[in-house]
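# Coordinate inspection notes
Here are the chains, one letter per residue:
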Amino acid sequence: MAAMQGPRAMRALFVLLPVLLLITSQLAGASPPPDPVSCARGTSDCTVTSTYGSFPDRTICRAANATFPSTEQDLVAAVAAAAAARRKVKVATSHSHSFPKLACPGGRDGTIISTERLNRTVGVDKARRLLTVESGMLLRDLVKVAADAGLALPHSPYWYGLTVGGMLATGAHGSSLWGKGSAVHEYVVGLRIVTPAPASQGFAVVRELGASDPDLDAAKVSLGVLGVISQVTLELQPQFKRSVTFVTRDDKDMAATLAVWGGLHEFGDVSWLPRQGKAIYREDKRVDVSTPGNGLNNYLGFRAQPTLGLLTARAAEERLEENGTDIARCLAARLPAATFELQAYGFTNDGVFFTGYPVVGFQHRIQASGTCINSREDSLLSACTWDSRIRGPFFYQSGFSVAMPKVPAFVADMQRLRDLNPRAFCGMDAKMGVLMRYVRASSAYLGKAEDSLDFDVTYYRSYAEGAPRAHADVYDELEQMALRKYGAMPHWGKNRNFAFDGAIAKYPKAAEFLKVKDRYDPDGIFSSEWSDQVLGIRGSPNVVGAGCAIEGLCVCSDDSHCAPEQGYFCRPGKVYTEARVCKFERTARLVDEE
């Protein structure tokens, strides 16, 4: 009996979270995430982090000072001061959602410029369907301003806590191959950007780029290395409605279906639950504005959650990860998907109740959500799931885009890998599987080179540095297969270090981007060691050393890069044999111990 108490207790803990999710839909409070910029003395001796509280290499990013400009004039002054002092500068946004170190100037002498207070509407031209906003405006506020003017941003990411500047810096997108596609930067027709300048020009200038300026293709996906975007002008569309239905099917024909799904549904995406062998197809299209319905997207994963539930769920997840069996992990992994499906993923037909599909609603109510950042402070009784102030869920998120012609073969390889050991994929099911979104080819120099399907994978991360994950080898093989065998492009705002190794060579117009960078910022004021590594200027994003592959800082080439003392050794992949992954080998560990 005693041996059964652990697994039963862990299963009971996982049952608790879905119950709390049901309760949380009625919560009015929340504790919005803390500001990612924190200073020990006023605006001096500062640190900046991602919203998850840790960069992939777990280092703390420090800076000498931070500034919070509230006007373009303030922004010019901040850039000029840094340029005059030859001090490195990086831009931080309200919630800093990028996993990589895009916001870290490097060293202790840099400056952080926060766009938190640059969040206003500059102008609305209803006749020309143009909206100009400051770069620190949240997507949440942008879509509301547009809707109030009878306009709509046709595509956006699903999380509305991103800023306009942040979306452009990383090429953020939704899901569509229709029209200009799903990336926000495709709807940018002008922007103002503050860049360093010679002393004769006051050390900083404002450059205004229009739709016909070739430099716009560099600035609209820039990784923040050209300067600070002050204002952005977007070309919008008349307000419209969408009709959304989620359909769950067997995944046997998924590879073939994905090749055509993006052409059939303007906003369609697909989520794959590999262990369960299911694909959740989102049938999502425009409908006439006269179509009845005032639906709302209040996605469950982006709502405030009871802190007790988050702590409980994490404790259970850690116990399963460290001491649980595959069977126990797989049983627990079924609960999130079942709970989300039961609650229609947070969609309601009238803003309160879900009565059935389709859910019909205006674009600004359907395209994105994120209510955990909206409500009044409640002293951390509830929080966003990823709030770094509590020891709640902690995870990695990888994102990479595979060119459409290669998608069927890549998906077939993923399924082959799954079929070798389906239980190894339960960790993906536990995080709602693999989200697949469509992205069109872009004129942006650092945008997608071809029409692509983006794969987003979220998975467990230990709070302890160097701690192996159960079945990490299949996750790493999948990523290496995508990036190396199929030439996938990593998402600029996600991923661990190794994904960016050699990535810039996949962008045919990278050289054009670097030419603009050299003109705008010849002294590299807005560059850092990290951005130089990612852009292939100098160095490598890989950090090679003991345990580096466990942390995703390298691809292993030696057992020491894994955790041999814990039974993890560097081995070839199972389907993509050129992959090198850290695999647990019980027999090897026993031999070593003898």
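Bear in mind the structure is a predicted one, so any value in this text is a computation, not a measurement.

## Some remarks on the state of the cysteines
- The full count for this structure, using the stated rule, is 7 disulfides.
- Sulfur-sulfur distance for the disulfide between Cys-562 and Cys-582 comes to 2.1 Å. Sign of the S-S torsion, about -80 degrees for the bond between Cys-562 and Cys-582, identifies this disulfide as left-handed. Note that Cys-562 is positioned in the loop between helix H14 (529-534) and strand S25 (568-572) and Cys-582 in strand S26 (residues 580-584), a separation of 20 residues in sequence. In this pair, the class of Cys-562 matches that of Cys-582, namely buried.

## Details of the sheet that holds strand S4 (residues 89-92)
- With mixed pairing, the 5 strands of this open sheet are ordered in space as S1-S2-S3-S5-S4. With one partner strand each, in any of the chains shown, strand S1 (37-41) and S4 form the two edges of the open sheet. For this sheet the average axis-to-axis angle between neighbouring strands, irrespective of direction, equals 45 degrees.
- Direction of pairing for S1 relative to strand S2 (residues 44-48): antiparallel, over a ladder of 4 bridges. Residue pairing in the sheet places Cys-39 in a bridge with Cys-46 of S2.

## Let's talk about unusual backbone geometry
- Backbone torsion omega between Tyr-357 and Pro-358 reads 0 degrees, so that peptide bond is classified as cis.
- With respect to the element layout, Pro-358 can be found in the loop between strand S18 (347-348) and strand S19 (359-362).
- For Asp-45, which is not glycine, the phi torsion reads 55 degrees and is therefore positive.
- Topologically, Asp-45 is positioned in strand S2.
- With a phi angle near 45 degrees, Ser-96 is a residue other than glycine that sits in the positive phi range.
- Structurally, Ser-96 can be placed in the loop between S4 and strand S5 (111-114).

## Section: the pattern of salt bridges
- One pass over the full model with this rule turns up 38 salt bridges.
- Across the salt bridge formed by Asp-419 and Arg-418, the nearest N and O atoms sit 2.6 Å from each other.
- Via salt bridges that share partners, Arg-314, Glu-317, Glu-318, Arg-391 and Lys-431 belong to a single interconnected network.

## Notes on the UniProt feature "domain: FAD-binding PCMH-type" (unreviewed entry) in the protein chain
- The UniProt record annotates "domain: FAD-binding PCMH-type" (unreviewed entry) at residues 59-239.
- End C-alpha atoms of residues 59-239 are separated by 44 Å, and the span's content is 19% helix alongside 29% strand.

## Looking at the environment of Phe-68
- Locating Phe-68 in the fold gives a position in the loop between strand S3 (61-67) and helix H2 (72-84).
- Overall, the relative accessible area of 19% leaves Phe-68 in the buried class.
- A C-alpha to C-alpha distance of 8.9 Å links Phe-68 and Ala-78, two positions 10 residues apart in sequence.
- Sequence-distant contacts of Phe-68, defined by excluding residues within four places in its chain, comprise Asp-35, Val-37, Thr-43, Ser-114, Glu-116 and Arg-117.

## A look at the nonpolar core
- Grouped together as the largest cluster of nonpolar side chains are 62 residues, with contacts concentrated most on Leu-142, Leu-191, Leu-226, Leu-446 and Trp-492.
- For this core, the elements supplying multiple residues, two or more each, are strand S7 (130-134), helix H3 (139-148), helix H4 (164-170), strand S9 (188-196), helix H5 (216-219), strand S11 (228-235), helix H13 (510-520) and H14.
- The contacts of Leu-191, once residues within four sequence positions are left out, are Leu-168, Arg-207, Glu-208, Leu-209, Leu-216, Ala-219, Ile-229, Gln-231 and Val-232.
- Listed in part, the 43 residues of the second largest apolar core include Met-436, Tyr-459, Val-575 and Ala-579.

Each value, and the rule that gives it
- Residues numbered from 1 in each chain as written.
- Predicted model: local features only at pLDDT ≥ 70, side-chain atom pairs only at ≥ 80, totals over all residues.
- Heavy atoms only, no water.
- Disulfide = S-S within 2.5 Å.
- Helix = DSSP H or I, 4+ residues; strand = E, 2+ residues; numbered from the N terminus.
- Buried < 20%, exposed > 50% of the residue type's maximum accessible area, 1.4 Å probe, protein only.
- Pairing = 2+ DSSP bridges.
- Axes fitted to C-alpha atoms, helices over the stretch in contact; angles between N-to-C directions.
- Salt bridge = Lys/Arg side-chain N within 4 Å of Asp/Glu carboxyl O.
- UniProt positions renumbered as here; feature names shortened; annotations may be inferred.
- Contact = heavy atoms within 4.5 Å.
- Core = buried A, V, L, I, M, F, W, Y, C linked by side-chain atoms within 4.5 Å.

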